[in-house]
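Examining the three-dimensional arrangement
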Amino acid sequence: MLFPTIDFGLFFALSLALVWSLNSQNNLKKVVLLALSLAFYASWNWRFLLLLLASGVISYLVGLYVDAAAARPFRRFALALGVALDLGILAYFKYLDFFIAQVLTLAHALGLNPSIAFVNVTLPVAISFMTFHAISYIVDVYRGRLAASRSPVDILLYISFFPHLVAGPIVRAHEFLPQLASPRNPGDFSFGENMLLILGGLFKKMVIANYLAVRFVDPVFTDPSQFSRFDLVMAVYAYAIQIYADFSAYTDIAIGVAALLGYRFPQNFNQPYRALGIGDFWRRWHMTLSTWLRDYLYIPLGGNRHGALATARNLMLTMLLGGLWHGANWTFLIWGAMHGAALVADHSWRRSAVFARYGAGRIAKVADWALTFHFVCFAWLFFRSPSLDSATQYILGIWTDNGAQSTMPGIVPPLIACGALTQIVPPQTRAALGAMLDDRGAVAQAAFGFAILYVVVAMAPSASAPFIYFQF
Amino acid sequence: MEITPQKSAADAAAVLPPRAPSPEARDAPTMKAAARDPASTSPLRRILVIYAILGLVWFAFPGGLVDWLDEHNSTGWLAAPLALARGIDAASAATGVKQVGQSLRKRFAAIIGDDEG
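Residues numbered from 1 in each chain as written. Chains lettered and ligands numbered in written order. Predicted model: local features only at pLDDT ≥ 70, side-chain atom pairs only at ≥ 80, totals over all residues.

**Quick word on the overall build of chain A**
Stated precisely, the cut-off is as follows: A run of H or I in DSSP becomes a helix once it reaches four residues, and a run of E becomes a strand once it reaches two; helices and strands are each numbered from the N terminus. For a compact globule the rule gives 2.2 Å times the number of residues to the power 0.38, and the radius of gyration it is set against comes from C-alpha atoms. Partly exposed residues are those whose C-beta has more than 12 but fewer than 20 other C-beta atoms within 10 Å; 20 or more makes a residue buried and 12 or fewer makes it exposed, with C-beta atoms placed from the backbone. Two residues qualify as a contact pair if the distance between their C-beta atoms, derived from the backbone, is within 7 Å.
In terms of regular secondary structure, chain A is built from 20 helices and zero strands. For 472 residues, the compact-globule estimate of 2.2 N^0.38 gives 23 Å, and chain A sits close to it at 23 Å. Expressed along its principal axes, the backbone C-alpha trace of chain A runs to roughly 70 × 60 × 55 Å. Per-residue burial for chain A yields a buried fraction of 46% across its 472 residues. Across chain A, the fraction of contacts at a sequence separation of at least 24, relative to all contacts at a separation of at least 6, is 75%.

Here you go:
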């Protein structure tokens with residue numbers, strides 16, 4: 001059940017009425033929200049409901065034990081067990097076949113022929129996001145950031161809440177669980193702004209991302225040898241806009257839907273292609289993932305407390321694992337390694353005497369932006385390529401001119417421009433428009449919402465491609 | 001090039017994004033509360049606005065829901081909603097609203113070169 005579908009439209013309309021009609025009966029409302037979330041998950045594959053329930057039960061029990069255990073070793077053991085179980089589930093479904101493939105390749109290279117078979121399991125939807133939420137809860141309880149919840153419904157709802165379930169944003173337990181304690185106040189949320197978030201998200205996904213993908217990016221990345229050097233370069237820029245439009249659309253809709261139901265989600269994007277430096281990029285791109293990796297991986301590894309070498313090692317490990325999280329493929333590892341190395345270089349550069357002297361100048365800032373943006377685009381090439389061979393072929397295609405003429409559709413530059421516009425519009429614009437909309441009557445609000453949705457439906461292709469982060 | 005070792009746990013995060021000051025401060029910008037007329041923040045009013053938007057879009061592009069209901073009606077349990085959707089489809093066509101939407105979709109598909117549009 002993808003967001004921009006009739007299925008989800010009907011599901012959301014039903015959920016909205018149900019949830020607000022039960023607002024004064026908070027416990028019943030939570031049970032209904034949980035049932036809706038489980039139904040949402042079951043719409044992909046009901047068999048994996050068991051996995052979702054298992055993740056919730058493990059988190060609930062480990063949380064209770066960690067909270068109750070007085071001695072530190074017992075608490076640590078329970079934490080380690082909980083994290084290992086969560087990661088074990090993720091490893092089995094997501095990485096086991098990849099690992100077996102690497103072992104077989106190595107064994108064949110050594111002239112061995114081990115009898116190891118692939119497990120060939122279907123990757124459950126949302127398993128990575130589910131794992132992030134489960135780990136966030138038990139680690140937060142261990143660190144004393146929140147008390148273990150006595151309600152299994154709360155924990156299951158935290159992990160499975162349908163707006164964030166499939167592709168985030170990653171909501172921390174200490175941010176979400178307190179919101180379940182009492183009935184929600186609709187006055188806490190701007191209706192106009194959330195409507196704009198959802199409608200803007202639909203436009204970004206259904207028009208910008210879908211057309212860029214179908215009309216240009218997918219064909220070019222499928223067989224780069226058929227395209228001109230110019231097309232190959234433009235397809236990298238187009239993919240940079242496509243992945244931003246696609247992923248930020250999902251989280252915008254998720255944040256808007258959650259807010260209309262009365263729940264706050266954290267911001268996930270902040271005009272990432274304006275970043276000055278890779279560190280800045282990660283403060284703006286998939287912010288909930290980068291802060292999750294920082295708090296639950298980078299800092300426990302030692303952060304930058306043990307000198308330059310240890311800092312570089314920790315950054316590389318964090319980004320390598322962050323890359324691997326996106327999928328069991330060498331392309332994601334290379335992408336993570338590139339970002340790790342760039343963060344190490346960025347970290348050193350920003351502490352150098354040269355940067356202190358010249359870094360604040362206008363020319364330095366323009367150079368900083370251009371270098372960051374083009375590095376990020378180049379790294380996307382690996383992220384998007386189906387294999388390392390394909391990425392190599394793509395780069396060789398840019399390097400060597402095959403004499404082909406450009407076949408880039410004329411709609412691509414306007415779509416790229418539209419995507420670029422989202423990076424330069426002042427961030428407070430949406431809040432201002434939302435406030436204006438809040439001050440209008442219901443008829444004006446409905447007319448405005450209808451007009452925008454009409455344009456989106458009129459422009460959208462007949463079928464919507466799945467969200468890119470749906471597969472992670 | 002010089003890296004100053006950080007001594008405290010709080011400093012450890014200096015390379016990756018800084019620790020958020022508080023969950024509230026990190027909330028999406030859309031979440032800020034504002035003092036408003038209680039009637040304008042009533043859930044019922046908001047639900048009605050959303051239903052009105054969805055209803056109007058349904059009237060403007062009725063074909064999608066007819067197809068969707070038809071697809072999911074293998075056992076006949078959606079016969080009543082399907083009949084209603086067909087009625088809306090007919091009303092939309094009779095008033096010319098459906099044709100406007102279809103024509104706009106075709107025009108945009110032609111511009112974009114989308115054969116299936």
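**Considering the overall build of chain B**
When helices and strands are counted, chain B shows five helices and zero strands. Expressed as a percentage of the 117 residues in chain B, the buried residues total 21%. Pairs at least 24 apart in sequence give 32% of the contacts found in chain B among residues at least 6 apart.

**With respect to helix 6 (residues 152–160) of chain A**
Residue and element names in this part refer to chain A. Counting buried residues along helix 6, seven of its nine residues qualify, which places the element largely inside the surrounding structure. Of the positions making up helix 6, those classed as buried are Asp154, Ile155, Leu156, Leu157, Tyr158, Ile159 and Ser160. On its buried face, helix 6 is in contact with helix 2 (26–45), helix 3 (49–68), helix 5 (127–142), helix 7 (162–165) and helix 8 (173–176).

**Brief notes about the packing of helix 20 (residues 442–459) of chain A against helix 2 (residues 43–60) of chain B**
Any two packed helices are characterised by the angle at which their axes cross and by the distance between the axes. Cut-off, in case you're wondering: Comment: axis = line fitted to C-alpha atoms, over the contacting stretch for helices; angle = value between 0 and 180 degrees taken between N-to-C directions. For this classification, under 35 degrees means roughly parallel, over 145 means roughly antiparallel, 65 to 115 means roughly perpendicular, and everything else is oblique. Handedness of a crossing is defined here by the sense of rotation of the near helix relative to the far one, left-handed for an anticlockwise turn of less than a right angle and right-handed for a clockwise turn.
Between helix 20 of chain A and helix 2 of chain B, the least distance of the axes is 9 Å, while the angle of their chain directions is 40°. Judged by the inter-axis angle, helix 20 of chain A sits oblique to helix 2 of chain B. Between helix 20 of chain A and helix 2 of chain B lies a crossing of right-handed hand. Taken together, the residues of helix 2 of chain B that come into contact with helix 20 of chain A (itself represented by A:Ala442, A:Gln445, A:Ala446, A:Gly449, A:Phe450, A:Leu453, A:Tyr454 and A:Val457) are B:Arg45, B:Leu48, B:Val49, B:Ala52, B:Ile53, B:Leu56, B:Val57 and B:Ala60.

**Examining unusual backbone geometry**
Residues and elements named next belong to chain A. For alanine 126, which is not a glycine, the phi torsion comes out positive at approximately 70°. Within the secondary structure, alanine 126 sits in the loop between helix 4 (72–109) and helix 5. The phi torsion at glutamine 271 lies on the positive side, around 45°, for a residue other than glycine. Secondary-structure assignment places glutamine 271 in the loop between helix 10 (229–261) and helix 11 (278–284). With 16 C-beta atoms packed within 10 Å, glutamine 271 lands in the partly exposed category.

**A look at the confidence of the model for chain B**
Residue and element names in this part refer to chain B. Selection criterion: pLDDT expresses how confident the predictor is about each individual residue, on a scale running from 0 to 100.
On average, residues of chain B carry a pLDDT of 74, and 62% of them reach 70 or more. Within chain B, helix 1 (residues 23–26) has the poorest average pLDDT of any element, 43, and helix 2 the best, 92. In this model, residues 1–15 is a region of pLDDT below 50 whose contacts with residues beyond four sequence positions or in other chains number 34 contacts. Here residues 17–25 scores under 50 on pLDDT; set against residues more than four positions off or in separate chains, the count is 13 contacts. Per the prediction output, this complex has pTM 0.87; the corresponding ipTM is 0.83.

**Overview of the environment of A:Ile395**
Looking at where A:Ile395 falls in the secondary structure, it is placed in helix 17 (residues 388–399). Under the C-beta neighbour-count criterion, A:Ile395 is labelled partly exposed, with 16 such atoms within 10 Å.

**A few points about the nonpolar core**
Residues and elements named next belong to chain A. As a reminder of what qualifies: The term nonpolar core refers to a group of buried residues, namely Ala, Val, Leu, Ile, Met, Phe, Trp, Tyr and Cys, whose C-beta atoms join them within 7 Å.
Counting residues in hydrophobic clusters, the biggest one holds 135 residues, and the most contacted among them are Leu212, Ala235 and Ala238. Tallying contributions element by element places helix 10 first for this core, with 23 residues. Sequence-distant contacts of alanine 238, defined by excluding residues within four places in its chain, comprise Leu212, Phe216, Val217, Val412 and Ile416.

**Remarks on the packing of helix 3 of chain A against helix 6 of chain A**
All names here are of chain A. Short version of the rule: Amino acid classes used here: Ala, Val, Leu, Ile, Met, Phe, Trp, Tyr, Cys and Pro are nonpolar; Asp, Glu, Lys and Arg are charged; the rest, including Gly, are polar.
Across the interface, helix 3 lies against helix 6 with an axial gap of 9 Å and an inter-helix angle of 130°. The angle between helix 3 and helix 6 places the two elements in the oblique class. Of the two elements, helix 3 crosses helix 6, and the hand of that crossing is right-handed. Residues Leu52, Ser55, Gly56, Ser59, Tyr60 and Gly63 of helix 3 form the contact with helix 6, whose participating residues are Pro152, Ile155, Leu156, Ile159 and Ser160. Of the residues in the contact of helix 3 with helix 6, the class split is six nonpolar, five polar and no charged.

**Some points on the environment of A:Phe247**
Residues and elements named next belong to chain A. Relative to the helices and strands, phenylalanine 247 resides in helix 10. Residues phenylalanine 247 and isoleucine 100 lie 147 residues apart in sequence; the distance between their C-alpha atoms is 31 Å. Once you skip the residues sitting within four places of it in the chain, phenylalanine 247 turns out to touch Ile468 and Tyr469.

**Concerning the environment of A:Ala420**
Considering the arrangement of structural elements, one finds A:Ala420 in helix 18 (residues 412–424). Considering only alpha carbons, one finds A:Ala420 and A:Ala240, 180 residues apart in sequence, at a separation of 10.0 Å.

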